Amino acid sequence: MAEIAKVGIIGAGLMGNGIAHVSALAGLPVVLMDVQQAALDKALATMSGNMDRQVKKAIITAEDKTAALGRITTVTTNDAFGDCDIVIEAATENEALKRKIYDALLPKMKADAILASNTSSIPITRLAAATDRPARFIGMHFFNPVPMMKLVEIIRGLATDDATCAAVEALARKLGKTPVPAGDWPGFVVNRILCPMLNEAIQALMEGVGDVKAIDEGMKLGANHPMGPLELSDFVGLDTLLSVMKVLHEGLGDPKYRPSPLLAKYVEAGWLGRKSGRGFYDYSTSPPTPTR
């Protein structure tokens, strides 16, 4: 297909608004859809605030910000996706929800448009099989926070064609990202390696190997990690981490990927990390206080 000239995004949460942010700054018209108007209003406010920080750091100009925000159209239905060259689904890491979204979306898309998923772990071939365009379905996994993180994993399903892959890699570069190919296996590259490490840190906490401070300080000072694994788990979202570990465990069948019972317990409690205000740290204090 020709160069991607207009981008649609489903989901105005953390990842969706980040993808909209970089797409609009790259000069592309963006249609950002969420079923809740409040989520769209929050996304626009978040993008405006993040762009203000970029202006202060002289990364962009105030004129760049105004122009970028002007390229974003927010909608609560799929009707505006008809002229988008690609629609990127950035919904919660729930396969049943994603399939439901595709069922409603696909009749609104033009025949040659690409459908991409920002899934962090669910196999692309399986998702593609639930659509009418497996050759034009691909994984495009951005990392949080999207405006800062340079990596985009590009995951081809069994049926993904070369033209789709080339168009999506070109789009990633246009957005200022570095596309890296990843095999269509549970977790892809980064989460296949990263999430089991975070899960093991949580298991070590549960077993009393160390408390939160000991584990995080140990990995920062002993392995030169910029964030401790428990701090990073809170940043990722404990519900997201649990979902990825379940996909790894079920998809690969190896007990080493079994989610830590303590991780599951925190999610049951609604302690999801930064986004809920409490996880392995209590974010009502400054600086955040370890909870164990």
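Residues numbered from 1 in each chain as written. Predicted model: local features only at pLDDT ≥ 70, side-chain atom pairs only at ≥ 80, totals over all residues. Heavy atoms only, no water.

**Details of the overall build of the protein**
The helix and strand tally for the protein stands at eleven helices and ten strands. On C-alpha atoms alone, the protein measures out to a radius of gyration of 19 Å, which is about the 19 Å that the 2.2 N^0.38 rule sets for 292 residues. Along the longest, intermediate and shortest principal axes, the C-alpha atoms of the protein span 55 × 45 × 30 Å. Expressed as a percentage of the 292 residues in the protein, the buried residues total 47%. Here the analysis covers contacts within the protein between residues at least 6 apart in sequence; of these, 65% occur between residues at least 24 apart. Entry remark: accessible area of the protein is about 13,300 Å², with carbon and sulfur atoms responsible for 56%. For the protein, the distance from the average site of its 31 positive side-chain charges to the average site of its 32 negative ones is 2 Å. (Helix = DSSP H or I, 4+ residues; strand = E, 2+ residues; numbered from the N terminus. Rg over C-alpha atoms; globule rule 2.2 N^0.38 Å. Buried < 20%, exposed > 50% of the residue type's maximum accessible area, 1.4 Å probe, protein only. Contact = heavy atoms within 4.5 Å. Areas by Shrake-Rupley, 256 points an atom, 1.4 Å probe, with all protein chains shown as cover. Lys, Arg positive; Asp, Glu negative; His and termini not counted. Charge placed at Lys NZ, Arg CZ, Asp CG, Glu CD.)

**Brief notes about the pattern of salt bridges**
A full pass over the atoms with the stated rule returns 14 salt bridges. When the shortest N-O distance is used, the salt bridge between Asp162 and Arg156 registers 2.8 Å. Judged by relative accessible area, which is 32%, Arg156 ranks as partly exposed. With a shortest N-O distance of 2.8 Å, Asp239 and Lys275 are connected by a salt bridge. A residue pair is termed long-range when its members are at least 10 positions apart, and Asp239 in helix H10 (residues 238-252) and Lys275 in the loop between helix H11 (261-269) and strand S9 (281-282) qualify at 36 residues. Judged by relative accessible area, Asp239 falls into the partly exposed class, the value being 22%. (Salt bridge = Lys/Arg side-chain N within 4 Å of Asp/Glu carboxyl O.)

**Some points on the packing of aromatic side chains**
If you walk through the whole model with that rule in mind, you get four aromatic pairs. Relative to Phe137, the ring of Tyr102 lies with its centre 5.6 Å away and its plane at 75°, an arrangement referred to as edge-to-face. Here Phe137 lies in strand S6 (residues 137-142) and Tyr102 lies in helix H4 (residues 95-105), a separation of 35 residues in the sequence. Ring centres 5.3 Å apart and planes at 85° place the aromatic pair Tyr266 and Trp271 in the edge-to-face group. Take Tyr266: its relative accessible area is 3%, and that puts it in the buried class. According to the relative accessible area criterion, Trp271 is partly exposed, its value standing at 31%. Taken together, Tyr266, Trp271 and Phe280 form an aromatic cluster joined through their ring pairs. Positioned above the aromatic ring of Trp271, the side-chain terminus of Arg278 is 4.1 Å from the ring centre. (Phe/Tyr/Trp six-rings, centres within 6.5 Å; stacked < 30°, edge-to-face > 60°. Lys NZ or Arg CZ within 6 Å of the ring centre and 35° of its normal.)

**Thoughts on the UniProt feature "domain: 3-hydroxyacyl-CoA dehydrogenase C-terminal" (unreviewed entry) in the protein**
UniProt feature "domain: 3-hydroxyacyl-CoA dehydrogenase C-terminal" (unreviewed entry): in the numbering of this structure it lies at residues 187-283. Within the segment residues 187-283, helix and strand shares are 62% and 2% respectively, and the terminal C-alpha atoms sit 28 Å apart. (UniProt positions renumbered as here; feature names shortened; annotations may be inferred.)

**Points about the UniProt feature "domain: 3-hydroxyacyl-CoA dehydrogenase NAD binding" (unreviewed entry) in the protein**
Here the UniProt-annotated "domain: 3-hydroxyacyl-CoA dehydrogenase NAD binding" (unreviewed entry) positions come out as residues 6-184. Taken as a whole, residues 6-184 contains 39% helix and 21% strand, while its terminal C-alpha atoms sit 26 Å from one another.

**Description of the packing of helix H8 (residues 212-222) against helix H9 (residues 229-236)**
Direction vectors running N to C along H8 and H9 enclose 100°, while the axes themselves pass 7 Å from each other. Between H8 and H9, the interaxial angle falls into the category roughly perpendicular. Residues Val212, Ile215, Asp216, Met219 and Lys220 of H8 touch H9, and the partners they reach there are Pro229, Leu230 and Glu231. Here the residues of the contact of H8 with H9 are counted per class, giving five nonpolar, no polar and three charged. (Axes fitted to C-alpha atoms, helices over the stretch in contact; angles between N-to-C directions. Parallel < 35°, antiparallel > 145°, perpendicular 65-115°, else oblique. Nonpolar A, V, L, I, M, F, W, Y, C, P; charged D, E, K, R; others polar.)

**Overview of unusual backbone geometry**
Here the amide bond leading from Asn144 into Pro145 is cis, since omega sits at -5°, within 30 degrees of zero. Looking at the secondary structure, you find Pro145 in the loop between S6 and strand S7 (151-156). Omega for the bond connecting Ser286 with Pro287 falls within 30 degrees of zero, at 0°, which places this linkage in the cis form. Looking at the secondary structure, you find Pro287 in the loop between S9 and strand S10 (289-290). Look at Ala58: it is not a glycine, yet its phi comes out positive at around 65°. Tracing the chain through its elements places Ala58 in the loop between helix H2 (37-56) and helix H3 (62-70). At Phe188, a position not held by glycine, the phi torsion is positive, near 60°. Position of Phe188 among the secondary structure elements: in the loop between strand S8 (178-182) and helix H7 (190-206). With relative accessibility at 5%, the residue Phe188 sits in the buried group.

**Here's the deal with the nonpolar core**
Counting residues in each nonpolar core, the largest one holds 37 residues, and the members touching the most others are Val7, Leu32, Ile86, Ile88, Met140, Phe142 and Leu171. Setting aside residues no more than four positions away along its own chain, Phe142 makes contact with Met15, Ile19, Ile88, Asn118, Leu151, Val152, Leu175 and Lys177. (Core = buried A, V, L, I, M, F, W, Y, C linked by side-chain atoms within 4.5 Å.)

**A short note on H2**
The terminal C-alpha atoms of H2, which comprises 20 residues, lie 29 Å apart, in line with the 28 Å expected from a rise of 1.5 Å per residue. Taken as a whole, H2 has its buried residues at Ala39, Leu40, Ala43, Met47, Met51 and Gln54. Projected down its long axis, H2 shows its buried positions confined to an angular sector of 105°, all on one face. Away from its buried face by more than 90 degrees, H2 exposes Ala38, Lys42 and Lys56. On its buried face, H2 is in contact with helix H1 (14-25), strand S2 (30-33), H3 and strand S3 (72-75). At the C-terminal side of H2, Ala58 shows a positive phi close to 65°. (Expected span 1.5 Å × (residues − 1). Arc of directions from axis to C-beta.)

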